[in-house]
Each structure stands twice: as C-alpha cells, then as structure tokens.
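# Fold and contact review
Each chain, letter by letter, is given below.
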Amino acid sequence: MCAHHDQGETKGQFIRFAVVGCINVLVSLLVFQVCYSSAQFGAGLNLLIDGMALRLGLESTNGAVSNALGYSAGMVSSFLLNKRWTFRASGPLARQLPRFLLLNLVGLALSSLSLLLFVDLLHGSHLTVWGITTLAVVLLNFYGNKLWTFRAQLPVMSHERA
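Residues numbered from 1 in each chain as written. Predicted model: local features only at pLDDT ≥ 70, side-chain atom pairs only at ≥ 80, totals over all residues. Heavy atoms only, no water.

## Describing the overall build of the chain
Each helix and strand in the chain was counted, giving five helices and zero strands. The secondary structure elements of the chain, listed N-terminal to C-terminal, are α-α-α-α-α. Scored against the burial criterion, the 162 residues of the chain give a buried share of 29%. Within the chain, contacts between residues separated by at least 24 positions form 72% of all contacts whose residues are at least 6 apart in sequence. If you sum the accessible surface of the chain, you get close to 11,300 Å²; carbon and sulfur atoms cover 71% of it. (Helix = DSSP H or I, 4+ residues; strand = E, 2+ residues; numbered from the N terminus. Buried < 20%, exposed > 50% of the residue type's maximum accessible area, 1.4 Å probe, protein only. Contact = heavy atoms within 4.5 Å. Areas by Shrake-Rupley, 256 points an atom, 1.4 Å probe, with all protein chains shown as cover.)

What follows is the structure in structure tokens.
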C-alpha cells in the first residue's frame, strides 16, 4: 500500500513539475522579450558588455544578456514554485538554493555538451538530439530535486549516555 502511495505521489509531483516547467518557459520568454525589445534595457550594463563585444567583433550582446536575464527569471520562478507547490518542501533556503542552482548548472552543462558532441561534432539531427537531451535533463532535474534539493531533512537524534 505504501509503495502505491509513493508512486501516486511521484506521479502527482511529476505533473506539477511539468506545469511549473511550462510556467517557467513563459516567464523566461516574457522577461527575454521585454528586455530584448526595450530600448532602455540595461543601458549601463549593456554599454559595458557591448564595449567588450565590439572588441570581439560583435555588434551587440542584447540577445545574450536578455536571454541570461530571462533564464534567471525562469530559474527563480522554478525554485519558488517547485519548493512550495511541486514538492511542498519546508527545508532551509540556505541548503536548498545552492543544490537547486548546482543541479540546474549540471543540466545546462550536460545538455550543452550533448549538443556540442552529437550535433556540432557528429552532425546529428539537432531537433532529435535536443529532444532526447531535454527529456534526459527534465528527468535528471525532477529526480534530483525530489531526492536531493527538496528532500525532507530527517530530525537529528541525540544520544544520551547513561
């Protein structure tokens, strides 16, 4: 009976995780679009970054900077929604946030390396590789968050000597 309950709980968490993922895509897209289309967006930061970009022969970094801000907004949304709704975790932020960030960076690195290897070097189908890689990273993130980032901490037991 307990195993059946755990499977049902995991299924519900995965569905909520997928809904959160869709919300995060929308948050990321919205922030990206607002930043990218705003003429006044990050004027000081953009001037600094664009100055470096010009030395590298790039005309602008507005797309990259807007993407980084959109991705960051999506990560904030993801952390808050997954902590509160998907996994209903009450653990300390100081423990969960670094784990969440590390897990997301590992997923980003694995997906980037996968695309570099299978698309750029081996000339595989970019959509096929992207799809398989995305599925693998989603599963990694779900189980990593469930079993590591937002796992409930067991109470510390003190042992008294008689």
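## Some thoughts on the nonpolar core
Grouped together as the largest cluster of nonpolar side chains are eight residues: Phe17, Met75, Phe79, Phe87, Ala89, Phe100, Phe142 and Phe150. Ignoring sequence-local partners within four residues, the contact set of Phe100 consists of Met75, Ser78, Phe79, Asn145, Thr149 and Phe150. (Core = buried A, V, L, I, M, F, W, Y, C linked by side-chain atoms within 4.5 Å.)

## Comments concerning the packing of helix H3 (residues 62–86) against helix H4 (residues 93–121)
Contact geometry for H3 and H4: axes closest at 11 Å, N-to-C directions at 130°. By the criterion of interaxial angle, the relationship of H3 to H4 is oblique. Where H3 crosses over H4, the two elements pack in a sense that is right-handed. Contacts between H3 and H4 involve Tyr71, Met75, Ser78, Phe79 and Lys83 from the former and Leu93, Gln96, Leu97, Phe100, Leu101, Asn104 and Leu108 from the latter. Across the contact of H3 with H4, the residue classes tally to eight nonpolar, three polar and one charged. (Axes fitted to C-alpha atoms, helices over the stretch in contact; angles between N-to-C directions. Parallel < 35°, antiparallel > 145°, perpendicular 65-115°, else oblique. Left-handed = near helix turned anticlockwise from the far one by under 90°. Nonpolar A, V, L, I, M, F, W, Y, C, P; charged D, E, K, R; others polar.)

## Observations regarding the environment of Lys83
Within the secondary structure layout, Lys83 lies in helix H3. A C-alpha to C-alpha distance of 9.7 Å links Lys83 and Leu97, two positions 14 residues apart in sequence. Every residue in contact with Lys83, bar those within four places of it in the chain, is listed here: Arg88, Ala89, Ser90, Gly91, Gln96 and Phe150. Side-chain polar atoms of Lys83 contact the backbone oxygen of Gly91, separated by 2.9 Å. (Polar contact = N/O pair within 3.5 Å; in protein donor to acceptor, adjacent residues only side chain to side chain.)

## Considering the side chain of Asn141
By the element assignment, Asn141 lies in helix H5 (residues 126–149). Judged by its relative accessible area of 12%, Asn141 is buried. Sequence-distant contacts of Asn141, that is, excluding residues within four places in its chain, are made with Phe17, Leu103 and Asn104.

## Notes on the packing of aromatic side chains
For any pair of aromatic rings, geometry is given as the distance between the ring centres together with the angle between the planes. In total, this model carries eleven aromatic pairs according to the counting rule given. Relative to Tyr143, the ring of Phe142 has its centre 4.9 Å away and its plane inclined at 80°; by these criteria the two rings are edge-to-face. Pairwise contacts between aromatic rings join Phe14, Phe17, Phe79, Phe87, Phe100, Phe142, Tyr143 and Phe150 into one cluster. (Phe/Tyr/Trp six-rings, centres within 6.5 Å; stacked < 30°, edge-to-face > 60°.)

## Here we look at the environment of Lys146
When you line up the elements, Lys146 lands in helix H5. Judged by relative accessible area, which is 18%, Lys146 ranks as buried. Residues Lys146 and Gln13, 133 residues apart in the sequence, show an inter-C-alpha distance of 8.5 Å. Those residues in contact with Lys146 that sit more than four places away from it in its chain are Thr10, Gln13, Phe87 and Arg151. Within the structure, Lys146 has its side chain in polar contact with the side chain of Gln13 (distance 2.5 Å).

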